[in-house]
Amino acid sequence: MTQVLMVLSGARVWTLEDGTEHPTGFWAEEFIAPYDIFTEAGYDVTVATPGGVKPVVDEISLSISGGADPLSAKKLKSRLAELADVLENPADLHDQNEEDYDLVFYPGGHAPMEDLAFDEYSGRMLAQRLEAGRPLALLCHAPAAILAAGNPSPFAGRKVTGLSNREELMNSFAKKAKWLLEDELVARGMDYDKGLLPFTSHVVVDGNLYTGQNPQSSKKLAKTLVETLGEQG
């Protein structure tokens, strides 16, 4: 059976430049859509967080301001309730060996900007995974975790995407951010790529590295991975 390690942030806030803490967590669609696509494909998915702490959903991802109409929000909330046991009992990321998994997948939300961007264990795991040529995928804000892989970055020169500055700054609170993801990926030497229009699906594949730009890329990224893993199998 194909084994997937899905890494969620354990952060509940995103600390801004002025010291205020913006409530956050994982983005509902970015977790649910890939999780369901993977499990429907027959994959065994292990959800892990740093320290094995219970992850929380970003409530904005369940609202109109986060792009979820009332019907979509109702479906997302219902699915989260069904997956409560999975989310309440995550594995400890720091106990995981990436070699045990056929795919390592990081969903986003602002939360990775708070913890995974600075998690040394996660950074070493990502660098090892990249160098070994094993499938690795990061979605929306999750490429922030790449920053923990070091500077100079082993990801330098690789083509990636992630939430763009233009998309980020549509959030009023983002104007107070300490840093923006697109800027940091470029600063670390990555070949950043984005779609022509904000908040439209955009997936980038560079060898074993798969990245999705935004929540709208969730399904396409997961389906691309299933197609690839199917070909490998």
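About the cut-offs
Residues numbered from 1 in each chain as written. Predicted model: local features only at pLDDT ≥ 70, side-chain atom pairs only at ≥ 80, totals over all residues. Heavy atoms only, no water. Core = buried A, V, L, I, M, F, W, Y, C linked by side-chain atoms within 4.5 Å. Buried < 20%, exposed > 50% of the residue type's maximum accessible area, 1.4 Å probe, protein only. Helix = DSSP H or I, 4+ residues; strand = E, 2+ residues; numbered from the N terminus. Contact = heavy atoms within 4.5 Å. Pairing = 2+ DSSP bridges. UniProt positions renumbered as here; feature names shortened; annotations may be inferred. pLDDT = per-residue confidence, 0-100. Salt bridge = Lys/Arg side-chain N within 4 Å of Asp/Glu carboxyl O. Phe/Tyr/Trp six-rings, centres within 6.5 Å; stacked < 30°, edge-to-face > 60°.

Chemist: Hey, could you run me through the nonpolar core in this one?
Modeler: Considering soluble globular proteins, one finds that nonpolar side chains tend to be buried as a cluster. Formed by 35 residues in total, the largest nonpolar core has its most connected members in L5, V7, L93, Y106, L138 and F155. Broken down by secondary-structure element, the contributors of at least two residues to this core are β1 (3-7), β6 (103-106), α4 (120-132), β7 (136-139) and α6 (181-187). Among the elements that make up this core, the one with the highest residue count is α4 (four residues). The residues contacting L5, other than those within four sequence positions of it, are T46, A48, L93, Q96, Y101, L103, V104, F105 and M125. Core analysis: the second largest hydrophobic core is formed by 33 residues, F26, L62, L139 and L225 among them.

Chemist: Would you explain the pairing of strand β4 (residues 44-49) in this entry?
Modeler: Where β1 meets β4, five bridges bridge the pair, whose relative direction is parallel. Bridge pairing in β4 links M6 to V47. Two strands pair when backbone bridges link them, and β4 and strand β5 (residues 91-92) are joined in this way by two bridges, in the parallel orientation. Note on β5: the bridge partner recorded for T49 is D92.

Chemist: How should the UniProt feature "domain: DJ-1/PfpI" (unreviewed entry) in the chain be read in this particular structure?
Modeler: UniProt feature "domain: DJ-1/PfpI" (unreviewed entry): in the numbering of this structure it lies at residues 28-227. Helix makes up 32% of residues 28-227 and strand 14%, whereas the separation of the span's terminal C-alpha atoms amounts to 23 Å.

Chemist: Where do I start with the confidence of the model for the chain in this structure?
Modeler: In this model, the chain carries a mean pLDDT of 97, and residues with pLDDT of at least 70 account for 99%. Looking across the chain, the model is least confident in helix α7 (residues 218-232), with a mean pLDDT of 91, and most confident in β7, with 99.

Chemist: Mind showing me how you'd approach the pattern of salt bridges here?
Modeler: Pairing between side chains becomes possible if they bear opposite charge and their charged atoms approach one another. Tallied over the entire structure, the rule returns eight salt bridges. Across the salt bridge formed by E88 and K54, the nearest N and O atoms sit 4.0 Å from each other. You can see E88 sitting in helix α3 (residues 84-88) and its partner K54 sitting in the loop between β4 and α2 (70-82), a full 34 residues away along the chain. A residue is classified by how much of its surface remains accessible, and E88, at 42% relative accessible area, is partly exposed. The closest approach of N and O atoms between R158 and D206, which form a salt bridge, is 3.3 Å. Here R158, found in the loop between β7 and β8 (159-160), pairs with D206, found in strand β10 (residues 203-206); they are 48 residues apart in sequence, far enough to count as distant. It is possible to trace a salt-bridge network through shared partners that takes in D36, R79 and E82.

Chemist: Could you clarify how one ought to interpret the sheet that holds β6 in this entry?
Modeler: Hydrogen bonds between backbone groups are what pair the strands of a sheet, and the pairing can be parallel or antiparallel. Taken in spatial order, the seven strands make up an open sheet running β5-β4-β1-β6-β7-β11-β10, and their pairing is mixed. Both outer strands of the open sheet, β5 and β10, are each paired with one neighbouring strand and no more.

Chemist: When you look at the environment of S122 in this model, what are you seeing that I'm missing?
Modeler: Relative to the helices and strands, S122 resides in helix α4. Given a relative accessible area of 0%, S122 falls into the buried group. Remark: the alpha-carbon pair of S122 and P23, spanning 99 residues in sequence, is separated by 23 Å. In this structure, S122 is in contact with L93, Y106, L116 and A145, ignoring residues within four places of it in sequence.

Chemist: Which parts of the structure should I look at to understand the packing of aromatic side chains?
Modeler: Aromatic ring pairs are reported here in terms of the distance separating the ring centres and the angle at which the planes meet. The full count for this structure, using the stated rule, is six aromatic pairs. Between W14 and F173 the ring centres are 6.2 Å apart and the planes differ by 85°, which places this aromatic pair in the edge-to-face class. Of the two residues, W14 sits in strand β2 (residues 13-15) while F173 sits in the loop between α5 (165-168) and α6, which places them 159 residues apart along the sequence. Overall, the relative accessible area of 15% leaves F173 in the buried class. Where F38 meets F105, the ring centres are 5.4 Å apart and the plane angle is 80°; that geometry is what we call edge-to-face. Of this pair, F38 sits in helix α1 (residues 28-40) while F105 sits in strand β6; the two residues are 67 residues apart in sequence, bridging distant segments of the chain. We note that F38, like F105, is buried. Cluster of aromatic residues (ring-pair linked, three or more members): F26, F31 and Y35.

Chemist: Help me out: how do you make sense of the side chain of S164 in this one?
Modeler: You can see S164 is positioned in the loop between β8 and α5. Overall, the relative accessible area of 3% leaves S164 in the buried class. Excluding residues within four positions of it along the chain, S164 makes contact with E182, Y192, K194 and Q213.

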